[in-house]
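# Working through the structure, step by step
As a plain string of letters, each chain reads:
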Amino acid sequence: MSWRSCYTVKIDDHAREALILEAAALRDAMTDATLRTGYDELTHAIAAGEVDDRLLPPLERLLELGLRTGRVRRIHGPEAEAAAVRIYHATPKGRAIGAELAEVNQALGALRGRTLEGLSFTGKGPGAYAITIDTPSAKLTLEVGPEGVAVKDLSVGT
């Protein structure tokens, strides 16, 4: 049995109405009948206040779309946006991003108190970047892209 087999995400009252409207709007924009049915089921699950593992992928896509474009905040306000962010962080994708950020913050912590000698930001390709931070005794390279941020390299000397 997989860990996701009984995974559910609670939908709090602050986001429920906004997410119902967003899921319904996305469903109505779909031309594929299977996708429409999935978003219809998602709309009902959101209305019930709980989304199970079977509907987590469309919930994650709905939240990513609404948060990246600013639509949730623009149409439903900052309280709905904050609630949507909390819900996203409760999803498997959101938890994975949280773990990545914890790793990045730990690596950045290794530079605390050190003198900054160099800082560069370079393009790695469309939507992908690298940030390199140099100190006299450490060098940290982070990669930033559509999937998030990750530690590419951390070298710490004495």
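A brief look at the structure comes next. (Residues numbered from 1 in each chain as written. Predicted model: local features only at pLDDT ≥ 70, side-chain atom pairs only at ≥ 80, totals over all residues. Heavy atoms only, no water.)

In terms of helices and strands, the protein carries six helices and six strands. Each helix and strand of the protein, placed in order from N terminus to C terminus, yields the pattern β-α-α-β-α-α-α-α-β-β-β-β. The globule rule puts the C-alpha radius of gyration for 158 residues at 15 Å, and the 20 Å found for the protein is more than 25% above it. Its C-alpha atoms give the protein principal-axis dimensions of roughly 55 × 35 × 30 Å. Expressed as a percentage of the 158 residues in the protein, the buried residues total 34%. Working note: accessible area of the protein is about 9300 Å², and carbon and sulfur atoms make up 55% of it. Taking the average place of the 19 positive charges on the side chains of the protein and the average place of its 22 negative ones, the gap between the two points comes to 2 Å. (Helix = DSSP H or I, 4+ residues; strand = E, 2+ residues; numbered from the N terminus. Rg over C-alpha atoms; globule rule 2.2 N^0.38 Å. Buried < 20%, exposed > 50% of the residue type's maximum accessible area, 1.4 Å probe, protein only. Areas by Shrake-Rupley, 256 points an atom, 1.4 Å probe, with all protein chains shown as cover. Lys, Arg positive; Asp, Glu negative; His and termini not counted. Charge placed at Lys NZ, Arg CZ, Asp CG, Glu CD.)

With that settled, the discussion passes to the packing of aromatic side chains. Each aromatic ring pair is characterised by the separation of its centres together with the angle its planes make. Considering all chains together, one arrives at one aromatic pair under this definition. Where F121 meets Y129, the ring centres are 5.4 Å apart and the plane angle is 10°; that geometry is what we call stacked. (Phe/Tyr/Trp six-rings, centres within 6.5 Å; stacked < 30°, edge-to-face > 60°.)

The next thing to look at is helix α5 (residues 78-90). Residue pairs three or four apart in sequence face the same way in an α-helix, which turns once every 3.6 residues. Across its 13 residues, α5 extends 19 Å between first and last C-alpha, which sits within 8% of the 18 Å expected from 1.5 Å per residue. Among all positions of α5, only A80, A83, A84, I87 and Y88 are buried. Projected onto a plane normal to the axis of α5, the buried residues spread over an arc of 145° and lie on a single side. Turning to α5, the residues buried within the fold contact β1 (8-10), α1 (13-29), α3 (56-68), α4 (71-76) and α6 (92-109). (Expected span 1.5 Å × (residues − 1). Arc of directions from axis to C-beta. Contact = heavy atoms within 4.5 Å.)

Here the focus is the pairing of strand β5 (residues 138-145). Relative to β5, strand β4 (residues 128-135) runs antiparallel, the two sharing seven bridges. Residue pairing for β5: Y129 is matched across the bridge by V144. In sequence, β4 turns back onto β5 through a hairpin of two residues. Where β5 lies against strand β6 (residues 148-156), eight bridges are found, and the strand directions are antiparallel. Note that in β6 the partner of V144 across the bridge is V149. A loop of two residues connects β5 with β6, the two strands running antiparallel in sequence. (Pairing = 2+ DSSP bridges.)

All right, on to α3 then. Its 13 residues place the ends of α3 18 Å apart at the C-alpha level, agreeing with the 18 Å of an ideal helix rising 1.5 Å per residue. When α3 is considered as a whole, its buried residues turn out to be L56, P58, L59, E60, L62, L63, E64 and G66.

Here we have four strands laid out as an open sheet, ordered β3-β4-β5-β6, and antiparallel in their pairing. The outermost strands of the open sheet, each flanked by one partner alone, are β3 (118-125) and β6. On average, adjacent strands in this sheet sit at an angle of 15° to one another, irrespective of strand direction. For β3 and β4, the ladder comprises seven bridges, and the chain directions are antiparallel. (Axes fitted to C-alpha atoms, helices over the stretch in contact; angles between N-to-C directions.)

Nothing here speaks to function; it is geometry throughout.
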